[in-house]
Each structure stands twice: as structure tokens, then as C-alpha cells.
Amino acid sequence: MVTDLPRRNWAGNVAYAARAFHRPATVDELRRLVAGSDRIRAVGTGHSFNRLGDTTGDLVSLAGLPPTVEIDRERGTVTVAAAVRYGDLATRLHAEGLALANLASLPHISVAGAVSTGTHGSGDDNRNLAAAVAALELVTADGELVTVGRADGDRFAGHVVSLGALGVVTRVTLDVTPTFAVRQYVHRDVPADALDAAFASAYSVSGFTSWRSSTIDMVWRKQLADRPPPPADWPGATPATEPVHPVPGMDPVNCTAQLGEPGPWHERLPHFRLGFTPSSGDELQSEYHLPRAAGPDALAALDAVRDRIAPVLQVCELRTVAADELWLSPNSGRDTLAVHFTWVDDAAAVLPVVAEVERRLAPFAPRPHWGKVFTLDPSAVAATFPRYADFLDLLVERDPTGKFRTELLDRYFPRG
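Just so you know, these numbers come straight off a predicted model, no measurement behind them. (Residues numbered from 1 in each chain as written. Predicted model: local features only at pLDDT ≥ 70, side-chain atom pairs only at ≥ 80, totals over all residues. Heavy atoms only, no water.)

(A) Up close: the environment of S210. If you trace the backbone, S210 turns up in the loop between β12 (204–209) and β13 (216–224). On the accessibility criterion, S210 (15% relative accessible area) is buried. Linking S210 and E74, residues 136 residues apart in sequence, is a C-alpha distance of 46 Å. When near neighbours in sequence (up to four residues on either side) are disregarded, S210 contacts D217, A310 and L313. (Helix = DSSP H or I, 4+ residues; strand = E, 2+ residues; numbered from the N terminus. Buried < 20%, exposed > 50% of the residue type's maximum accessible area, 1.4 Å probe, protein only. Contact = heavy atoms within 4.5 Å.)

Spelled out as C-alpha cells, the structure:
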């Protein structure tokens, strides 16, 4: 047992229930640990807001494994140790003239953790981070080290967004592209009916609303640096004349450069800078992925209860994500509008509002972000994933004794 590992997640709302905490230094040590445990889970940077990564058995951090980064220019890939953070990987790739297609708002999250939960950035033509995965190396329930990749066919799509339920991922192989530069512009008071045009206007776009008015408070546009700057009145909005933070009142020093200043992809696509505290910290988060075509009606349904949302909200972010083929991806088979809520750190006040939000979104077949706070009915969630039954079969095959299971997994993927 290791005593210096965190006992809570990043937000502090989850106290891990593990009987023992481990930080192996080698893959062989990890294999022995997995093989000898009856219940085990891997934890990354702790950015999940629910108990997906918790266990009553052994909790293992992979931060002690060598942080390897291996670039294969011929194949156009990079193979990276699971615990490496996206921001650190991006810095290395950029130095080599390479890039990832997209990044999440936080560069502080681990590669394996983000991939396993279907974490995403934004952009009409950008898929989530897991869609860039070409192969995975993982330790299975019996301690075997296996590699699965695209060459394994359809079943590979069930392994990528796997919620840590199929084994402990040790290395991830990702597609890379040539490096590129981005400019970031912020626009205030964007009319709600201009939101679709805003999403289509740049490489990566996020809208932010406090749900206190009928307009979108801010739109952050991350456009390729060689594209012309937007007109001053785009699209009927007011351009920001100084840097801002997505959460009103917070210091923008934590945020990536704005005002059209060009910079490398990894210093513009995230909202927050790697060397600074991400977001606000004292918060809860929920996120729901909806069919893109249902976006206007879904937002109208939420607008009807904005008087309930606003008092417990720090900020709500709206993003688009392109469809992928991964079985448990929130974007599986459909282009998506992702509605993300950063709530105040008060579960008693927030959870009733989460329930109301879920009632309002129910007609639109919402899928949760697997690492956030949600209470959606398990059968309703299952019905939104065409390959749900196939994943249940894969669970039984890879983990017949339930070694990697958690309370949340048992609720949403019950054993037969």
C-alpha cells in the first residue's frame, strides 16, 4: 500500500473507498497486482465527478510507470503511457512538428482517463478524443498484457471508451497530424438563433451561458491562424476587448491567450493553460450529449426552467462533436450537441436541479458524459446506445468475475 496517493478526486466530492492504494513502478508489478486482486480500479488525474473510478478493493495509480512517448512518423501515430497528461504529450508533439486533431478544455487530464470516458473538445468536424485511438495496451483480469487495435475489427470499437471495465490501460496509440496554429476570439452577447452559425464558423467553438437571459453570454471561437479575422460585429455580437474567463468573476490569467493572438494548437484549443489551476475547482459537473438536430428544441426546453438552473450554476458550456463508431462513446453514431453544466459545490442544492434538467432533456435521448454527475434511468441510457448489448457481452468475456466493476457500472451495466 502506498500512502501518498490522493484519497479524493480533483473536485473533492468523492472520497475513495479503496481498502488499499498502489503506485506500481513497472508493468510487471501492475500485472501481478491485477492478477492477485479480487477488486481493482485504475485512477488517473481524478477528474471524474462520480464514483466511476472508485472501488472497495485496490485503487491503482499508473503515475509511477515510465512516462514514455514513442512517435512513429511512418504510421502517423504516437504511443504514450496511460498516465501522461494531454498537455505534456501535446508539448512534446509540437516540438516534433506534430499535433493531435483536438484537445479537451483541460490539458491536465490523463490520456487513458480521458479516452476511457469519451472526453471531447469541440468542433462541427472534430470527433471526441477517443476517436483518435489506433490501439490500446491493457492488463486484463488475469494479469495478461494484451494489445487491441483497429486491425482487430469491429470489437476494437468496444474497447476504446470502456470506462475502465475491461482492464487497466497501460499505453495508448493515437493518430497525429502536422502541427498547426490557432487564433482565439471571444464574442459577447451572441443571439441564441446565431448559435448554429457560430458553431460552423471556426475550427473549435464553445458557447457559454449563465441561463440568466435569452442570449449566449460568450462564444469562444478557435480558428485556424491562416483564416481571416471575424468582422467586428460578428454575428450581431460584441467582441471582447480584454481576456475573459468562462466563469464570471474568475481571473483570466488561467486561460489560454485570446484577442486573436496566434499560437500553437495546444496553447489555444484548451480553455485553460497547463501551468495554471484549471477551471474553478470548487464545483460539480454534469454533461449531456444530444442529437445535433435536436439542439434548438433541447435548449428551448432548458430555457423554460432557467430560473431553477441559474441559482446553482457557475456556467454552462455548449459544444458540438462529430459522430464516431465507438460503442460507448456519447457521440456514437450521431453528431452531437454537448450541454455541460459547471454547478456550485453543493450537492444538496444541485441534485434536484440535475433531475429537472434530465426530465427536460428526456425526449431528446440524452447520453451522459460518463465521468460527470448524472442520475439518468439506466434503461433509458441503454436504449440510446445501439451496441449496448454487445458491450455487455464483452464485459462478461473480459471480466467474468467482476474484478473491474464498480457500483456505477453495476447500475448501468448490470450482470445477467
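So, next bit.
(B) Expanded view of the nonpolar core. Among the nonpolar cores identified, the biggest contains 118 residues, and F341 and W343 are the most heavily contacted of them. The element contributing the most residues to this core is helix α8 (residues 347–361), with five residues. Counting seven residues, the second-largest nonpolar core is a separate cluster that includes L5, V14, Y16 and V43. (Core = buried A, V, L, I, M, F, W, Y, C linked by side-chain atoms within 4.5 Å.)

(C) Here's a closer look at the sheet that holds strand β2 (residues 40–43). Spatially, the three strands line up as an open sheet ordered β1-β3-β2, and their pairing is parallel. Among the strands making up the open sheet, the edge pair consists of β1 (20–22) and β2. In this sheet, neighbouring strand axes are inclined to one another by 25° on average, regardless of whether the strands run parallel or antiparallel. Bridge analysis of β2 against strand β3 (residues 58–61) gives four bridges, and the strand direction is parallel. Within β3, the position partnered with A42 by the bridge is V60. (Pairing = 2+ DSSP bridges. Axes fitted to C-alpha atoms, helices over the stretch in contact; angles between N-to-C directions.)

(D) Structural context of the packing of helix α6 (residues 295–303) against α8. Where α6 meets α8, the axes come as close as 9 Å, and the angle between the chain directions of the two elements is 140°. In terms of axis orientation, α6 runs oblique to α8. Crossing of α6 against α8: the hand is right-handed. Listed contacts from α8 to A298, A301 and L302 of α6 are V357, R360 and L361. For the contact of α6 with α8, the per-class residue count stands at five nonpolar, no polar and one charged. (Parallel < 35°, antiparallel > 145°, perpendicular 65-115°, else oblique. Left-handed = near helix turned anticlockwise from the far one by under 90°. Nonpolar A, V, L, I, M, F, W, Y, C, P; charged D, E, K, R; others polar.)

(E) Broad picture of the pairing of strand β16 (residues 284–291). Burial analysis of β16 places seven of its eight residues in the buried class, which makes it a mostly covered element. Where β16 meets strand β18 (residues 336–343), eight bridges bridge the pair, whose relative direction is antiparallel. Looking across to β18, one finds that Q285 is bridged to T342.

(F) Examining the sheet that holds strand β4 (residues 69–72) more closely. Taken in spatial order, the five strands line up as β4-β5-β9-β7-β8 in an open sheet, and their pairing is antiparallel. The two strands at the open ends of the sheet, each matched to only one other strand, are β4 and β8 (145–149). Strand-to-strand twist of the sheet, defined as the mean angle between neighbouring strand axes without regard to direction, takes the value 15°. The pairing of β4 with strand β5 (residues 77–81) spans four bridges and is classified as antiparallel. Note on β5: the bridge partner recorded for I71 is V78.

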